[in-house]
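# Working through the structure, step by step
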Amino acid sequence: MRFFAAARAAVGIDELSTTAATIDGALREVAAADPSRWRALQERCSYLVDGVTTRDRATALSGVAVVDVMPPFAGG
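I will try to describe carefully the structure that is included in this document. These numbers were taken from a predicted model, which means no experiment stands behind them. (Residues numbered from 1 in each chain as written. Predicted model: local features only at pLDDT ≥ 70, side-chain atom pairs only at ≥ 80, totals over all residues. Heavy atoms only, no water.)

## Quick notes on the overall build of the protein chain
Spelled out, the test is: Segments assigned H or I by DSSP are reported as helices when at least four residues long, segments assigned E as strands when at least two residues long, and all are numbered from the N terminus. Radius of gyration means the value over C-alpha atoms here, while the globule rule gives 2.2 Å times the residue count to the 0.38 power. We call a residue buried when its accessible area falls under 20% of the maximum for its residue type, exposed when it is over 50%, and partly exposed in between, using a 1.4 Å probe and counting protein chains only. In what follows, a contact means two residues having at least one pair of non-hydrogen atoms within 4.5 Å.
Scanning the protein chain from N- to C-terminus turns up three helices and four strands. When its helices and strands are written in sequence order, the protein chain yields β-α-α-α-β-β-β. Radius of gyration (C-alpha) of the protein chain: 11 Å, near the 11 Å computed for a compact globule of 76 residues. Counting only C-alpha atoms and orienting by the principal axes, one finds that the protein chain spans roughly 30 × 30 × 20 Å. Within the protein chain, the fraction of its 76 residues that count as buried is 37%. Contacts in the protein chain between residues at least 24 apart in sequence constitute 48% of all its contacts with a sequence separation of at least 6.

What follows is the structure, given as structure tokens:
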């Protein structure tokens, strides 16, 4: 799981390895540097699961190589 922009700032790391079954499970493993900011930000993020965009945090991660956590960006 890779974190970008505001997500990276909130969690305080660039990457996290996980064996969680779903995106939500992986997100629960994050020990954020700024927990309240991280909780609020998760609701607005989209997730790229091996390059496919989703907002469904119940998405299964079995066989997935990379999940990118993408917060909203200015202008899009």
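Text resumes after the structure shown.
## Some thoughts on the side chain of aspartate 68
Selection rule: The definition of a polar contact used here is a pair of N or O atoms within 3.5 Å, where within protein one atom must be able to donate a hydrogen and the other to accept one, and adjacent residues in sequence count solely through side-chain atom pairs.
Structurally, aspartate 68 is set in strand β4 (residues 67–70). Looking at aspartate 68, its side chain comes within polar contact range of the side chain of arginine 2, at 2.6 Å. Those residues in contact with aspartate 68, other than ones at most four positions away along the chain, are Arg2, Phe4, Ser46, Tyr47 and Leu48.

## Some details on the nonpolar core
Put simply, the rule is: We call a set of buried residues a nonpolar core when its members are Ala, Val, Leu, Ile, Met, Phe, Trp, Tyr or Cys and they connect through side-chain atoms within 4.5 Å of each other.
Grouped together as the largest cluster of nonpolar side chains are 20 residues, with contacts concentrated most on Met1, Phe3, Val30, Trp38, Tyr47 and Val69. Going through the elements one at a time, α1 (5–11), α2 (23–28), α3 (35–42), β2 (46–49) and β4 are the ones with two or more residues in this core. In this view, valine 69 contacts Met1, Arg2, Phe3, Phe4, Ala7, Trp38, Cys45, Ser46 and Tyr47; residues no more than four positions away in its chain are not counted.

## What to know about the sheet that holds β4
The following threshold applies: Two strands are said to pair when DSSP picks up at least two bridges between them.
The mixed open sheet is built from four strands, whose spatial order is β1-β4-β2-β3. Because the sheet does not close on itself, it has two edges, and the strands there are β1 (2–3) and β3 (52–54). Relative to β4, β2 runs antiparallel, the two being bridged by four bridges. Bridge pairing in β4 links tyrosine 47 to valine 69.

## Notes on the packing of aromatic side chains
Remark: the centre distance and the inter-plane angle together describe each pair of aromatic rings, the angle taken between the planes. Let me state the cut-off plainly: When two rings of Phe, Tyr or Trp (its six-membered ring) have centres within 6.5 Å they constitute a pair, described as stacked for plane angles under 30 degrees, edge-to-face for angles over 60, and tilted for the intermediate range.
A full pass over the atoms with the stated rule returns one aromatic pair. On the numbers, 5.8 Å between centres and 80° between planes, the contact of phenylalanine 3 with tryptophan 38 is edge-to-face. Taken together, the residues span a long stretch of sequence, with phenylalanine 3 in strand β1 and tryptophan 38 in helix α3 at a distance of 35 residues. Residue phenylalanine 3 shares its accessibility class with tryptophan 38, and that shared class is buried.

## Observations regarding the pairing of β4
Neither face of β4 is exposed, since Val67 and Val69 on one face and Asp68 and Met70 on the opposite face are all buried. Summarising the sheet, β1 and β4 pair through two bridges and their orientation is parallel. Pairing of arginine 2 across the sheet is with aspartate 68, part of β4.

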